[in-house]
Amino acid sequence: MTGDRGRADSLRWTAEGSTIFFDALAGLPDERLDAPTALPGWSGRHLLAHVAANADALANLVHWARTGEERPMYSSPEQRDADIAAGAARPAAELREWAARAADDLGARLAELDERQWKEHVRTAQGRTVTAEEIPWMRAREVMVHAVDLGAGVTFDDLPADFLAALVGDIAAKRAAAPGPALTLTATGGGTWRIPGSGPAVPLTGTLAGLAAYLSGRGSGGVTGEAGGPPPELPRWL
């Protein structure tokens, strides 16, 4: 499984990821949202506010692609953080409703784009210039990975294998542009990814789910090096 993806894949994963995320959320009592998540400094409320605000922010990019009117995801990193903090303070029912409404609105707006608009260029919050075709992939990553972070029982093993392959390839490409150890990653079901970096390449083996967990900075994921040793530690991604 190579991890190749197209617009149709990303739209499908966005829909599947939304189902996984909101099904997990529905089974999480309100009081559990007050508990810390695996994300440093964030409770379940912060995580849910982030997922809601992310849908609103991506809808800004859809508007940009559809109309040509520049509308960034966030006015500033500070505004993004402030929106998450304010959202986390909302009553649980209101917070849940915001997240669901924002997700539905984003889906509806994506469905309005025509072939020309999908090719329009927009700018991500990290400053990357991409076509609008990248927007559903950005959303799929958010809802899939944060469904795991909710702590409601979803693991990377519960995510679609083709999405995991695309995710591993995506994170590997981004980590290749950042400082870190050189790695050669091999999935037990097939697939190899090479990340250039410092020192000789460290060979690592794991399942797709394990590699996705490891590369995203969420534990070792059962990934092992030579002779079964632990993999090098990586900072969190996403």
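Keep in mind the model is a prediction, meaning the values are calculated, not measured.

## Structural notes on the pattern of salt bridges
Thinking step 1. Tallying each qualifying case throughout the model produces 21 salt bridges.
Thinking step 2. A salt bridge links Arg 90 to Glu 94, with the nearest nitrogen and oxygen atoms 3.7 Å apart.
Thinking step 3. According to the relative accessible area criterion, Glu 94 is partly exposed, its value standing at 38%.
Thinking step 4. For Arg 218, the salt bridge goes to Asp 149, with nearest N and O atoms at 2.8 Å.

## Points about the nonpolar core
Thinking step 1. Judged by nonpolar contacts, the single largest core of 75 residues is most densely connected at Phe 21, Phe 156, Phe 163, Leu 167, Leu 185 and Leu 215.
Thinking step 2. If you list the elements that add at least two residues to this core, you get helix H1 (7–26), helix H2 (44–67), helix H4 (92–111), helix H6 (134–149), helix H7 (161–176), strand E3 (181–187), strand E4 (192–195) and helix H8 (208–215).
Thinking step 3. No other element matches the 14 residues that H2 contributes to this core.
Thinking step 4. The contact partners of Leu 215, leaving out residues within four places of it in the chain, are Val 168, Ile 171, Ala 172, Arg 175, Leu 185, Ile 195, Leu 234 and Trp 237.

## As for the UniProt feature "domain: Mycothiol-dependent maleylpyruvate isomerase metal-binding" (unreviewed entry) in the protein
Thinking step 1. What UniProt calls "domain: Mycothiol-dependent maleylpyruvate isomerase metal-binding" (unreviewed entry) maps, in this numbering, to residues 21–150.
Thinking step 2. Along residues 21–150 one finds 63% helix and 5% strand; the C-alpha atoms at either end are 8 Å apart.

## Here's the deal with H7
Thinking step 1. Taking 1.5 Å of rise per residue, 16 residues should cover 22 Å, and H7 covers 22 Å from first to last C-alpha, within 8% of that figure.
Thinking step 2. Buried residues of H7: Phe 163, Leu 164, Ala 165, Ala 166, Leu 167, Val 168, Asp 170, Ile 171, Ala 172 and Arg 175, and no others.

## Examining the environment of Ser 43
Thinking step 1. Tracing the sequence through the fold places Ser 43 in the loop between H1 and H2.
Thinking step 2. On a C-alpha basis, the gap between Ser 43 and Arg 32 in space is 8.8 Å, while along the polypeptide they are 11 residues apart.
Thinking step 3. In contact with Ser 43, other than residues within four places in its own chain, are Leu 33, Asp 34, Ala 35, Pro 36 and Thr 37.
Thinking step 4. A polar contact of 3.2 Å, which involves the side chain of Ser 43, links it to the backbone nitrogen of Arg 45.
Thinking step 5. Separated by 2.9 Å, the side chains of Ser 43 and His 46 make a polar contact.

## A look at the packing of H2 against H6
Thinking step 1. It is at 10 Å that the axes of H2 and H6 come closest, and there the two elements cross at 175 degrees. Relative to H6, H2 is oriented roughly antiparallel. Packed against H2, whose contacting residues are Leu 47, His 50, Val 51, Asn 54, Ala 55, Leu 58, Leu 61 and Val 62, the element H6 presents Ile 135, Met 138, Arg 139, Glu 142, Val 143, His 146 and Asp 149 at the interface.
Thinking step 2. Class assignment of the residues belonging to the contact of H2 with H6 gives a composition of nine nonpolar, three polar and three charged.

Quick notes on the rules
Residues numbered from 1 in each chain as written. Predicted model: local features only at pLDDT ≥ 70, side-chain atom pairs only at ≥ 80, totals over all residues. Heavy atoms only, no water. Salt bridge = Lys/Arg side-chain N within 4 Å of Asp/Glu carboxyl O. Buried < 20%, exposed > 50% of the residue type's maximum accessible area, 1.4 Å probe, protein only. Core = buried A, V, L, I, M, F, W, Y, C linked by side-chain atoms within 4.5 Å. Helix = DSSP H or I, 4+ residues; strand = E, 2+ residues; numbered from the N terminus. Contact = heavy atoms within 4.5 Å. UniProt positions renumbered as here; feature names shortened; annotations may be inferred. Expected span 1.5 Å × (residues − 1). Polar contact = N/O pair within 3.5 Å; in protein donor to acceptor, adjacent residues only side chain to side chain. Axes fitted to C-alpha atoms, helices over the stretch in contact; angles between N-to-C directions. Parallel < 35°, antiparallel > 145°, perpendicular 65-115°, else oblique. Nonpolar A, V, L, I, M, F, W, Y, C, P; charged D, E, K, R; others polar.

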